[in-house]
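A look at the structure
This is what each chain is made of:
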Number of protein chains: 2
Amino acid sequence: MKLAIYGYGNLGKGVECAIRQNPDAQLFGVFTRRDPDKVKTLTGVSVYPADQIGKYKDEIDVLIICGGSATDLPAMTPMLAKDFNVVDSFDTHAKIPSHFANVDAAAKESGHIALISAGWDPGMFSLNRCYASSILPEGNDYTFWGRGVSQGHSDAVRRIAGVKDARQYTVPVPSALEQVRAGTNPTLTTREKHTRECYVVAEDGADLARIEHEIKTMPNYFDEYDTTVHFISEAEMKRDHGELPHGGFVIRTGKTGLNGEHSHVIEYSLKLDSNPEFTASAIVAFARAICRMHARGDNGCKTVFDIAPGDLSPLSPEELRARML
Amino acid sequence: MKLAIYGYGNLGKGVECAIRQNPDAQLFGVFTRRDPDKVKTLTGVSVYPADQIGKYKDEIDVLIICGGSATDLPAMTPMLAKDFNVVDSFDTHAKIPSHFANVDAAAKESGHIALISAGWDPGMFSLNRCYASSILPEGNDYTFWGRGVSQGHSDAVRRIAGVKDARQYTVPVPSALEQVRAGTNPTLTTREKHTRECYVVAEDGADLARIEHEIKTMPNYFDEYDTTVHFISEAEMKRDHGELPHGGFVIRTGKTGLNGEHSHVIEYSLKLDSNPEFTASAIVAFARAICRMHARGDNGCKTVFDIAPGDLSPLSPEELRARML
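Residues numbered from 1 in each chain as written. Chains lettered and ligands numbered in written order. Predicted model: local features only at pLDDT ≥ 70, side-chain atom pairs only at ≥ 80, totals over all residues. Heavy atoms only, no water.

1. Some thoughts on the relation of the copies chain B and chain A
Inclusion rule: A least-squares superposition brings the copies together, and it is based on the C-alpha atoms of residues with pLDDT no lower than 70 in both.
Mapping chain B onto chain A leaves a residual RMSD of 0.0 Å; the transformation is a rotation of 180° accompanied by 0.0 Å of translation along its axis. Viewed as a symmetry operation, the transformation between the two copies matches a two-fold axis.

Structure representation (C-alpha cells):
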C-alpha cells in the first residue's frame with residue numbers, strides 16, 4: 001500500500017517512522033503547508049506543497065492526515081476525502097458526530113473511504129470500552145489517563161504571563177485505580193481520579209505565587225483537580241521533560257451468574273514512551289485495514305468500531321487463525 | 001435475536017444466565033442429548049431433545065453450541081451449520097484450521113454463518129494478540145494464564161489411581177510477568193512462565209507419595225512445570241475449590257522511532273470469578289454480531305478476527321460514536 005502524510009509535526013514524523021516497520025507499506029511523501037524546501041524529513045522522503053496534492057490522486061492509496069483537531073481536521077478531512085482514502089486522529093470527543101457526518105458525506109460522494117479518530121484514545125481505548133461493555137452488560141467502565149504529558153494542558157500553562165515553558169503531566173490516582181480493580185464500582189469525582197503535575201520555567205523576575213495561583217484556578221483545565229506546580233530551570237526542562245510519554249487504563253468490572261454472584265475485571269492498559277509515535281503506529285495499522293476495505297468496495301466514513309481486527313494485520317486470515325487464534 | 005443453547009453443562013448454564021443480561025436477546029430453549037425430562041434449567045426455560053432440533057430451524061436466529069472441543073464440536077458444529085447460524089468455543093488451538101475448513105464448507109453450502117472459537121482464549125486474548133502485533137510490528141507477544149482452574153489438568157489428575165477428586169490451578173510466575181512488562185523481551189521456558197498447583201483428595205489409604213510423583217512426572221501436563229501438590233480433605237475441596245476462576249494476561253512490548261528509541265507496553269488482562277460464565281458472556285455478544293452479519297447477507301465460517309467490534313454492542317453506530325469513541 002502506498003501511503004502519504006499530510007502535515008509534518010510530531011504525529012507526521014511518527015507515521016514516517018512507523019511505515020518503515022511495515023514491509024507492505026511504502027511512503028510516497030510528505031505534504032506540508034510550509035515551504036517544502038524548508039522541511040527536512042527524518043528519512044529523506046520527498047516533501048510536496050499541500051496545495052498541489054490533487055495532482056497525486058492516483059499515486060496514493062491512503063492519505064494520513066496529521067493535523068490538529070481544533071481547526072485543521074474539521075476542514076481538512078472532508079476536503080481531502082473528496083480525492084483520497086484518508087485516516088485522521090480527530091480527538092475532540094464531543095464533536096465526533098458532526099465530524100463524522102461531514103466526512104461521511106464527502107467520502108460517500110466521491111466513493112472513497114475515510115477513518116476518523118484512529119489512535120489510542122480515541123482508538124484502542126474506545127475499542128476496549130466497546131468490547132468490555134458488550135461482554136459485561138451489567139458493569140461499569142472506567143478510563144484513567146497517564147502518567148503522561150497532556151499537550152493541551154501544557155499549552156494552557158504556557159499562555160500564562162511570565163511562563164517561558166511548561167509541561168503538564170496527568171497522573172491517575174493509585175487508590176482510585178485500586179478501588180476500581182477491586183470491583184467496588186466507586187463513584188469517582190474528577191478530582192478523585194487524576195492529579196495534575198506542572199513543571200514550569202518562569203521568566204526572570206516573574207511572580208511565582210501568581211503563576212501558581214493562575215494555574216491552579218484555571219477553569220476547565222485545572223480548577224477541578226489537585227494540581228502541584230514545580231518551578232524548574234530551562235536546563236532541567238530540557239534534560240527531564242523532553243519526551244512525550246503517555247498511557248492509561250480502561251477497566252470494566254461487571255457481574256455474571258443467575259444472581260450476579262461472580263465478578264470479573266477486564267483491564268486494558270498502555271504504557272507509552274512516545275504518545276505521537278504510538279498513535280502513528282496505530283494509524284498505520286488502521287490504514288492497512290482502510291486500504292483493504294476500499295479494495296473490497298467499501299466507502300464512506302468509518303470509525304474503529306467498524307474495522308474487523310484481522311484487517312489490521314499484515315498476516316493473511318489463514319496465518320492469523322493458525323498463529324494468533 | 002432468538003438464541004438457543006445446544007448442550008447444557010457449565011458453559012450452557014453460563015449462556016442461559018448471560019442472555020438474561022441482554023434485553024435484545026431471547027432464549028428459545030436448551031437442546032440436550034440427555035433425557036429432557038431429567039434436565040432442569042436454571043431459569044425454567046424449555047428443554048428439547050437434541051435430535052429434534054431440525055424442527056426448530058425457523059425459530060432460532062443463532063444456535064450456541066456448548067460442547068467439548070475434543071470430540072463434540074468437530075462433529076457438531078459442521079453438522080448444525082447446515083441448518084443454523086452457529087457459535088462455538090472450539091479451543092484446541094492446533095486443530096483450528098481444519099475445524100474452520102469443515103465449518104466453512106457446511107455454512108457456505110447452506111448460506112448460514114458460523115463463528116468458531118469465541119470466548120476469551122481463543123477469543124478476546126486472540127484479538128489482543130492481533131491488535132497489539134499489528135500496531136507494534138517490532139516487538140514480542142506474551143500470553144500468561146491464571147491464576148485459574150484448568151479443567152483439562154484437573155481431569156488428568158483425577159484419572160490417577162487413588163485420586164478421588166482434584167483441582168489444578170495454573171499460576172503465572174510473578175517475576176516473569178515483571179520482566180515482560182519491563183520490556184526486556186525475555187526468552188522464557190515453559191517452566192519459567194507458569195507454575196501448577198494441585199489440590200488432591202486421595203482415597204483412604206492411598207499412597208500419597210506415589211500420587212504426587214505420578215502428577216509431577218505426567219508428560220505434557222506437568223513434567224515441564226514446577227508443580228506443587230497439596231492433599232486436602234473432601235470438605236476442604238468443597239469449601240475452598242468449588243469455583244472455576246481463571247484469567248490471564250496478553251502483553252506485547254515493542255519499539256518505535258527512527259532507531260527504535262521508544263518502548264511501549266500494551267497489556268490486556270482478565271480476572272474472572274467464573275471462567276464458563278465469562279466465556280458465555282463473550283459468546284452472547286459475538287452471537288449478536290453473527291446475527292447482524294447474517295442479516296446483511298454474510299455467510300461462511302468466521303473467527304473473532306472477522307467481526308467488527310461495533311457489531312458486538314447493543315448500541316447503534318451513532319450511540320457508539322457519541323458515547324464510547
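2. Notes on helix α6 (residues 174–181) of chain A
Residues and elements named next belong to chain A. Our working rule: The cut-offs for exposure are 20% and 50% of the maximum accessible area for each residue type, with area from a 1.4 Å probe on protein chains only; residues under the lower value are buried, those over the upper are exposed, and the others partly exposed. Helix and strand labels come from DSSP, where a helix needs a run of H or I of at least four residues and a strand needs a run of E of at least two; each type is numbered from the N terminus. To be clear, the arc concerns the directions from the helix axis to the C-beta atoms. Contacts are assigned to residue pairs with any non-hydrogen atoms lying within 4.5 Å of each other.
Regarding α6, the residues found buried are Ala176, Leu177 and Val180. Projected down its long axis, α6 carries its buried residues within an arc of 100°, all on one side. Tucked into the core, α6 has its buried residues touching β7 (139–145), β9 (163–172), α7 (190–193) and β12 (246–256).

3. Structural notes on the pattern of salt bridges
Residue and element names in this part refer to chain A. Rules: Should a side-chain nitrogen of Lys or Arg be within 4 Å of a carboxyl oxygen of Asp or Glu, the pair is scored as a salt bridge.
Inspection of every chain in the model, using the stated rule, returns 42 salt bridges over all chains. Across the pair Arg158 and Asp155 runs a salt bridge whose closest N-O atoms are separated by 2.5 Å. Here Asp155 and Arg158 lie together in helix α5 (residues 151–158), a separation of three residues that amounts to about one turn. For Asp155, a relative accessible area of 35% corresponds to the partly exposed category. Where salt bridges share partners, they join Asp155, Arg158, Asp165 and Arg167 into one cluster.

4. So, the packing of aromatic side chains
Residue and element names in this part refer to chain A. What counts, and what does not: Think of it this way: a Phe, Tyr or Trp ring, Trp meaning its six-membered ring, pairs with another when their centres are within 6.5 Å, and the plane angle makes it stacked under 30 degrees, edge-to-face over 60, tilted otherwise.
In this structure the tally under the stated criterion is 19 aromatic pairs over all chains. Seen from their ring centres, Phe28 and Tyr56 are 5.5 Å apart, and the 50° between their planes marks the pair as tilted. Here Tyr56 lies in the loop between β3 (47–49) and β4 (62–65) and Phe28 lies in strand β2 (residues 26–32), a separation of 28 residues in the sequence. For the pair Phe28 and Tyr56, one class covers both residues: buried. Here Tyr169 and Tyr199 contribute two aromatic rings whose centre-to-centre distance is 5.6 Å and whose plane-to-plane angle is 85°, an arrangement assigned as edge-to-face. With Tyr169 in strand β9 and Tyr199 in strand β10 (residues 194–202), this residue pair connects regions lying 30 residues apart in the sequence.

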